[in-house]
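Chain residues, written in single-letter form:
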Amino acid sequence: MLHIYTGNGKGKTTAAVGLAVRAAGAGLRVCFCQMMKDGSSSEIAMLEKLGVTVKAAPSCCKFVSEMDSSEKAYAAAEHAQMLADLTMTLAMGNFDLVVIDEFFCALSAGLINAANAEMLLRTYSGTPELVLTGRGACEPYLGAADYVTEMTPVKHPYDKGVQARKGIEY
């Protein structure tokens, strides 16, 4: 089934990590791909210890808005390759759960091509279980999803100027 975790609130990646941990604990084969992240988030080492295959975007060590045009072009090429690899991964059936974290953010930032992203959706057969996260989930993904969870911020320390904390937000 297709899961989407979206919205402006905290917890999209955390929910996806939780599902990956649950699936790994049940003996399922899990691939956790982080778009727009360089693989340095605190959860990555633990996922790997659980036997989860982890993929990330090493060139994304800063926000897209801070990248110059050559850095953004390199990141876009890296993300295009990640998306192509993930499309093939889904088709091959080597995993029971595939998470594509920050999928919608990469799409809206122009790091993945919309036509290629929609091709992933069109070729997705319903297996393995697929999770897409990120702010701004849109059609046709919402319509195709079996689960859609929207994280809504009610209160967050960031509103008081508290920056992201290691182990809590990343």
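It should be noted that the structure appears before, not after, this text.
These numbers come from a predicted model, not from an experiment.

Undergrad: Hey, could you run me through the overall build of the protein in this one?
TA: A count of helical and extended segments in the protein gives six helices and six strands. In the protein, the succession of helices and strands from N to C terminus is β-α-β-α-β-α-β-α-α-β-α-β. Taken against the 2.2 N^0.38 rule, which gives 15 Å for 170 residues, the C-alpha radius of gyration of the protein at 15 Å falls within 12% of a compact globule. Burial statistics for the protein: of 170 residues in total, 40% are counted as buried. Taking as baseline every contact in the protein between residues at least 6 positions apart, the subset at least 24 positions apart corresponds to 70%. Between the centroid of the 15 positive side chains of the protein and the centroid of its 18 negative side chains there is a distance of 7 Å.

Undergrad: What am I meant to see in the sheet that holds strand β4 (residues 97-101) here?
TA: Across the sheet, which stays open at both edges, the six strands sit in the order β3-β2-β4-β5-β1-β6 with parallel pairing between neighbours. Each edge of the open sheet is held by one strand with a lone partner, namely β3 (53-55) and β6 (147-151). Neighbour-to-neighbour, the strand axes of this sheet turn through a mean angle of 10 degrees, independent of strand direction. Relative to β4, strand β2 (residues 30-34) is paired through five bridges, and the arrangement is parallel. Residue Cys31 lies in a different strand from β4, and its bridge partner there is Val98. Each of β1 (2-7), β2, β4, β5 (129-133) and β6 is contacted by helix α1 (residues 12-25), which is oriented at about 160 degrees to β2, the strand it contacts most.

Undergrad: Can you walk me through the pattern of salt bridges in this structure?
TA: Two side chains that carry opposite charge are able to pair once their charged atoms sit near each other. Tallying each qualifying case throughout the model produces three salt bridges. Residues Arg29 and Asp96 are paired through a salt bridge, measuring 3.0 Å at the closest nitrogen-oxygen approach. Remark: Asp96 occurs in the loop between α3 (69-92) and β4 and Arg29 occurs in the loop between α1 and β2; sequence separation between them is 67 residues. In this structure Arg29 comes out as partly exposed when scored by relative accessible area, which is 41%. The partly exposed category is assigned to Asp96, whose relative accessible area is 26%. Among the ionic pairs, Lys37 bridges to Glu102, the shortest N-O distance being 3.5 Å. On the criterion of sequence distance, the pair formed by Lys37 in the loop between β2 and α2 (43-49) and Glu102 in the loop between β4 and α4 (103-108) is long-range, its members being 65 residues apart. Across this residue pair, the class does not change: Lys37 and Glu102 are buried.

Cut-offs applied
Residues numbered from 1 in each chain as written. Predicted model: local features only at pLDDT ≥ 70, side-chain atom pairs only at ≥ 80, totals over all residues. Heavy atoms only, no water. Helix = DSSP H or I, 4+ residues; strand = E, 2+ residues; numbered from the N terminus. Rg over C-alpha atoms; globule rule 2.2 N^0.38 Å. Buried < 20%, exposed > 50% of the residue type's maximum accessible area, 1.4 Å probe, protein only. Contact = heavy atoms within 4.5 Å. Lys, Arg positive; Asp, Glu negative; His and termini not counted. Charge placed at Lys NZ, Arg CZ, Asp CG, Glu CD. Pairing = 2+ DSSP bridges. Axes fitted to C-alpha atoms, helices over the stretch in contact; angles between N-to-C directions. Salt bridge = Lys/Arg side-chain N within 4 Å of Asp/Glu carboxyl O.

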